[in-house]
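Structure assessment
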Amino acid sequence: MSSASVTDFTECFRGCSALTDLKGPETWTVTSVCTTANSMFNGCTKLEKLKLGTWNMTGVGTATYMFQGMSAVTEIDMNGLTWGSATTNINSMFNGNGKLVMIYEKVGTALAGAISSTSVFYNCYNLKGGSGSALNNSTSVNNSYIGGAFARVDGVGGLPGYFTAK
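Residues numbered from 1 in each chain as written. Predicted model: local features only at pLDDT ≥ 70, side-chain atom pairs only at ≥ 80, totals over all residues. Heavy atoms only, no water.

1. With respect to unusual backbone geometry
- Residue Ser39 is not a glycine yet carries a positive backbone phi of 55°.
- Mapped onto the elements of the fold, Ser39 is located in the segment before strand S1 (49–51).
- Residue Ser39 is classed as buried on the basis of its relative accessible area of 7%.
- Backbone geometry at Asn123 places phi at a positive 65°, although glycine is not the residue there.
- You can see Asn123 is positioned in the loop between strand S5 (102–104) and helix H1 (143–146). (Helix = DSSP H or I, 4+ residues; strand = E, 2+ residues; numbered from the N terminus. Buried < 20%, exposed > 50% of the residue type's maximum accessible area, 1.4 Å probe, protein only.)

Right under this line is the structure:
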């Protein structure tokens, strides 16, 4: 798919509740002209794994609810994504993904600096970063543990995070 000129991925797959497998996003060409990815995969309740490609997300300002409500997902591979300082709103990005165990991302991800980043990992009870930082029932309701400050690779610079370097 040539998606180099797509500026808005909002609700692209939202509510695709019967979708069990999605092949192709790892081959898409996504460039910095994309500015919004709100609710892109929101509600894909049967999708268990998601692998995204080498996407240039540096122009994306908001990615709220991007992966919310993917209740069967265990792994999201965002290792090829490049985020930038334009990404200021990631509220509820992974909210409600109770089976999510692993999010792959590269070291240096800029998401931890998002200005609006509440409930990013809310109800992600099984999520663990690569160095062992983890969410569980006791921490997943505490705002200091579920916000965007943990949207980084675990252990880099001695800081906890919920992403794993791949």
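2. Quick word on the environment of Thr58
- By secondary structure assignment, the location of Thr58 is in the loop between strand S2 (56–57) and strand S3 (75–77).
- For Thr58, a relative accessible area of 30% corresponds to the partly exposed category.
- Between the C-alpha atom of Thr58 and that of Thr35, which follows or precedes it by 23 residues, the distance is 8.2 Å.
- Among residues more than four places away in sequence, those in contact with Thr58 are Ser32, Thr82, Trp83, Gly84 and Ala86.
- A polar side-chain atom of Thr58 sits 2.6 Å from a polar atom in the side chain of Asn56. (Contact = heavy atoms within 4.5 Å. Polar contact = N/O pair within 3.5 Å; in protein donor to acceptor, adjacent residues only side chain to side chain.)

3. Quick look at the packing of aromatic side chains
- On inspection of all chains with the given rule, the structure shows 13 aromatic pairs.
- Their ring planes at 15° and their centres at 6.1 Å tell us that Phe13 and Trp28 sit as a pair that is stacked. You can see Phe13 sitting in the segment before S1 and its partner Trp28 sitting in the segment before S1, a full 15 residues away along the chain. The same class applies to Phe13 as to Trp28, namely buried.
- An aromatic cluster of three or more residues is present, and its members are Phe9, Phe13, Trp28, Phe41, Trp55, Phe67, Phe94, Phe121, Tyr145, Phe150, Tyr162 and Phe163. (Phe/Tyr/Trp six-rings, centres within 6.5 Å; stacked < 30°, edge-to-face > 60°.)

4. Some thoughts on the sheet that holds S5
- Ordered in space as S1-S3-S5, the three strands form an open sheet in which the pairing is parallel. Looking at which strands have only one partner, the edges of the open sheet turn out to be S1 and S5. Averaged over all adjacent pairs, the angle separating strand axes in this sheet is 5°, with direction ignored.
- In the sheet, S3 pairs with S5 via three bridges, with the strands oriented parallel. (Pairing = 2+ DSSP bridges. Axes fitted to C-alpha atoms, helices over the stretch in contact; angles between N-to-C directions.)

5. Observations regarding the environment of Ser32
- Position of Ser32 relative to the elements: it lies in the segment before S1.
- Using a relative accessible area of 37% as the deciding quantity, one classes Ser32 as partly exposed.
- Note: C-alpha distance between Ser32 and Ala4 (28 residues apart in sequence) is 8.5 Å.
- Contact partners of Ser32, with chain neighbours within four places excluded, come to Asn56, Thr58 and Gly59.

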